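Below are the chains, spelled out letter by letter.
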Amino acid sequence: MKLNLERLKRQLYTYKAKIQTQYNKLNKQKVFTIAGVGAALFSGALYFGLSDSSKITASLPETSIEMGALPIPEVDKKYGFVTDNYLTTEDQIKNGEFLSDILTRHDVAYTNIDKLVKKATDVFDVRKLRAGKKYMVLKNKDTQKAEYFVYEPSVYQYVVYDLRDDMNVSIIDREITTDIQTSSGVINSSLWNAMTDNGMSYDLASRMEEALAWSVDFYHIQKDDKFKLIYEQNYIEGKKVGVGKLLGAYFNHYGNDYYAFYFKNNNHEGYYDLEARPTKKAFLKAPVKYARISSSFNLRRFHPVLKRIKPHLGTDYAAPRGTPILAVADGVVTKASRTRGNGNFVKLRHDKVYETQYLHMNRFAKGIKPGVRVNQGQVIGYVGSTGLATGPHVCYRFWKNGRQVDPRREKLPPPEPMPEKDIEKFNELRNNLKKELDEIPYLTVEEIEAIKAQKKEEAKVNP
Ligand SMILES: [Zn+2]
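In this text the structure is predicted, and so the values were computed from the model without any measurement.

(A) Main features of the overall build of the protein. For the protein, the helix and strand inventory stands at seven helices and 24 strands. Per-residue burial for the protein yields a buried fraction of 47% across its 463 residues. Sequence separation of 24 or more characterises 64% of the internal contacts of the protein that already satisfy a separation of 6 or more.

(B) Region of interest: the side chain of threonine 386. Structurally, threonine 386 is set in the loop between β22 (379-383) and β23 (393-400). A polar side-chain atom of threonine 386 sits 3.0 Å from the main-chain amide nitrogen of asparagine 344. Sequence-distant contacts of threonine 386, that is, excluding residues within four places in its chain, are made with Arg338, Asn342, Gly343, Asn344, His360 and Met361.

(C) Representation of the packing of aromatic side chains in the model. In this structure the tally under the stated criterion is 20 aromatic pairs. A ring pair is formed by phenylalanine 263 and phenylalanine 426, whose centres lie 5.6 Å apart and whose planes are at 85°; its orientation type is edge-to-face. Of this pair, phenylalanine 263 sits in strand β13 (residues 256-264) while phenylalanine 426 sits in helix α6 (residues 420-439); the two residues are 163 residues apart in sequence, bridging distant segments of the chain. In this structure, phenylalanine 263 and phenylalanine 426 share a single accessibility class: buried. Ring geometry for tyrosine 396 and phenylalanine 398: centres 6.3 Å apart, planes at 75°, overall edge-to-face.

(D) Broad picture of the coordination of the zinc ion. Coordination of the zinc ion by the protein is provided by His312 (NE2), Asp316 (OD) and Cys395 (SG), with metal-donor distances spanning 2.0 to 2.2 Å. Donor residues binding the zinc ion come from one chain and are separated in sequence as H-x3-D-x78-C. Placement of the pair is aspartate 316 in strand β16 (residues 315-318) and cysteine 395 in strand β23, with a sequence separation of 79 residues. Look at aspartate 316 and you get buried, because its relative accessible area is 5%.

(E) Layout of helix α5 (residues 202-212). Residues of α5 that are buried include every one of Leu204, Ala205, Met208, Glu209, Ala211 and Leu212, and no others. Considered in projection along α5, the buried side chains sweep an arc of 165° and stay on one side of the axis. Across α5 from its buried face, at more than 90 degrees, point the exposed residues Tyr202 and Glu210.

Cut-offs applied
- Residues numbered from 1 in each chain as written.
- Predicted model: local features only at pLDDT ≥ 70, side-chain atom pairs only at ≥ 80, totals over all residues.
- Heavy atoms only, no water.
- Helix = DSSP H or I, 4+ residues; strand = E, 2+ residues; numbered from the N terminus.
- Buried < 20%, exposed > 50% of the residue type's maximum accessible area, 1.4 Å probe, protein only.
- Contact = heavy atoms within 4.5 Å.
- Polar contact = N/O pair within 3.5 Å; in protein donor to acceptor, adjacent residues only side chain to side chain.
- Phe/Tyr/Trp six-rings, centres within 6.5 Å; stacked < 30°, edge-to-face > 60°.
- Donors = N, O, S within 2.8 Å, 3.2 Å for Na, K, Ca; no water.
- Arc of directions from axis to C-beta.

In structure tokens form, the structure reads like this:
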């Protein structure tokens, strides 16, 4: 089959320029590089499939378009220095190595090191240097004297220790540029995790899950489920360094369409569906992620420790010890204490009607004590088996008007809808994002193969 990559490139490029303009309108304070005649480069197709020998079953084309206006680093420049003008040594801090060890090797006098250490305390303490991090020593070509020591704590910044006369220390934040990209994929495998294994950044996958978690059951992804995403990609010196905001998400699950649109103004920030309803509900389904129900709410349950019928007024979620326990809704801590049966437990009040309680914690999260406000999704403690428990789990209890009920049978209050006055603005954004999402193509297997082969070639030429 003949590939039509050119057509795709054109489509995506037009698409991108449009959405970028639209997004800029909404985020005036954000600076994007808008390329007028950028070299649209189709840069990546990712695969995820089964780990066995079966053929590749799903594709995750990352339809990124590198912008022509992105800064292209000059080959001979690093950390702002023209490296050709110096004798440079680049390495990583070794285990147990101190700045003084490195600088002594480069003939810096101990008195000078001492002076530098003192000077650095308020800017970037040399004791914060960590093994495995990159550094560079720059020496004067004529005098052979070390003039600079540069340390890179993260891709986002570096620290320049000026070893000359005055010994200055400065932290330089690297410029982050952002552009907008799209991803799409068709799932032919039920192995959702395979997505992250095969290239889609974990960040992006978890953001999609966050945006759509209330409508799509990500534990039961089906063959032929599809998704499309519009998101910000961050760059430093032309290299991808992470994902920014997920702006729009589409998921087709069991043949049903789900959308989530990111919207922000003075009153709201979050994801909304086609009808401007928050995609987030007032209560999380469960207080732990990736856990299974080991015992349901049951008025006639045989107690495994007490060996008799005793109503189980909670829902048990089995999870490894130390798994974070999340507040299922915004609220205030009313109890964080310990009893013989409950072990360490936390109780939250959410409003006049609802309270929730979390038992058998290994320990409380930092700062969790009566009177403290918590947000939905905030970690309040960690799974354990304190009190009457046979193994690590959280017993989740749900109180309505002072009585314990089964939250899974409760018709819980819907989230607050967006007020009328914001609807128009939201609708405008939604219409644009939806149109753009709908136009993102799914790549064919052949197209993905071609892009993959091209990437391989590129890697050979430019490893
Ligand atoms: Zn229980």
